[in-house]
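# Topology and contacts: notes
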Amino acid sequence: HTLVFATNNHNKVKEIRAMLGEAFHIITLEEAGIDIDIPEPHATLEENATEKSKTIFEMTGQDCFSEDTGLEVEALHGAPGVISARYAGEQKLAADNIEKVLQEMQGQANRHAQFRTVISLIWKGQEHQFEGICPGVILTEKQGGEGFGYDPIFAPAGAGRSFATMTTTEKNQFSHRAKAVQKLIAWLQANA
Ligand code: ITT
Ligand code: NA
């Protein structure tokens, strides 16, 4: 089976491709010749994921999926959450988002956080969602140079080190994205 992956984030593609066997393969927007910045106008990861997959389904008519991910920090009442990509501002970089979280967490004893991924699959015109959660803690300083986004300041529970110290294969043993993708694969194996 072939699925279009409605994303402009190459890191997401790399992580998900590392999990896929022979059962199906994914085509990126770039490979499909689609150049758009898909809007994320909504208040929840679920709604944004739906917006992205629906947009691409309406353009291509092909089976496709998207995912929206947020870092949810307990002491920050779930922030940055749905605005994780632009927490420090529209034009800012991942490093600026990290600095903002580190500053807001300064002196904070409760370091609990989670990454949450919501996949929206559109299969034969019908939407199906799959969620993956990775619990962990916000570190007090950056650690490691792998990965992307908030990876340098997030340590998944049980690892004792940040996602940014891990290879893609190691990160996939813990990650929110990998858990959501496992559910997607299981659904496709049962229903596709
Ligand atoms: P799309 O094209 O798929 O929308 P995006 O980069 O805009 O890609 P999101 O809207 O899901 O992604 O924004 C989530 C942000 O949260 C993203 O820009 C990263 O900075 C961060 N993020 C997402 N997954 C992450 C992960 O596994 N590790 C660290 N940070 C992550
Ligand atoms: Na996005």
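Reference entry: report on the structure contained in this document. (Residues numbered from 1 in each chain as written. Chains lettered and ligands numbered in written order. Predicted model: local features only at pLDDT ≥ 70, side-chain atom pairs only at ≥ 80, totals over all residues.)

### Brief notes about the nonpolar core
Counting 22 residues, the largest nonpolar core has Val4, Ala6, Cys64, Phe65, Ile119 and Leu184 as the members making the most contacts within it. Put simply, the parts of the chain that give this core at least two residues each are strand 1 (2-5), helix 2 (45-60), strand 3 (64-73), strand 4 (112-123) and helix 5 (176-191). In this structure, Ile119 is in contact with Ala49, Phe65, Glu67, Gln129, Phe130, Ala180 and Leu184, ignoring residues within four places of it in sequence. Counting residues in hydrophobic clusters, the runner-up holds 17 residues, among them Val73, Ile138, Tyr150 and Phe174. (Core = buried A, V, L, I, M, F, W, Y, C linked by C-beta atoms within 7 Å. Buried ≥ 20, exposed ≤ 12 C-beta atoms within 10 Å, placed from the backbone. Helix = DSSP H or I, 4+ residues; strand = E, 2+ residues; numbered from the N terminus. Contact = placed C-beta atoms within 7 Å.)

### A short note on the site of ligand 1
The environment of ligand 1 is formed by 19 residues, the closest being Thr7, Asn9, Ser84, Ala85 and Gly149. Of the residues that constitute the shell around ligand 1, the class distribution is six nonpolar, eight polar and five charged. (Near = placed C-beta within 6 Å. Nonpolar A, V, L, I, M, F, W, Y, C, P; charged D, E, K, R; others polar.)

### With respect to the sheet that holds strand 2 (residues 25-28)
The pairing of strands in a sheet comes from backbone hydrogen bonds and takes either a parallel or an antiparallel form. Ordered by their spatial adjacency, six strands build an open sheet running 2-1-3-4-5-6, and the pairing between neighbours is mixed. Each edge of the open sheet is held by one strand with a lone partner, namely strand 2 and strand 6 (154-156). The sheet shows a mean angle of 40 degrees between the axes of neighbouring strands, direction not considered. In terms of strand pairing, strand 5 (residues 126-138) meets strand 6 through three bridges, oriented antiparallel. Note that in strand 6 the partner of Ile138 across the bridge is Phe154. Those strands touched by helix 5 are strand 3, strand 4 and strand 5, and its axis lies near 155 degrees from that of strand 5. (Pairing = 2+ DSSP bridges. Axes fitted to C-alpha atoms, helices over the stretch in contact; angles between N-to-C directions.)

### Comments concerning the pairing of strand 2
The pairing of strand 1 with strand 2 spans four bridges and is parallel. Paired with Thr2 across the strands is His25, a residue of strand 2. Handedness of the crossover is the feature at issue here: the chain leaves strand 1, passes through helix 1 (residues 10-17), returns alongside strand 2, and the resulting connection is right-handed. (Right-handed = clockwise from strand over helix to strand, strands pointing away.)

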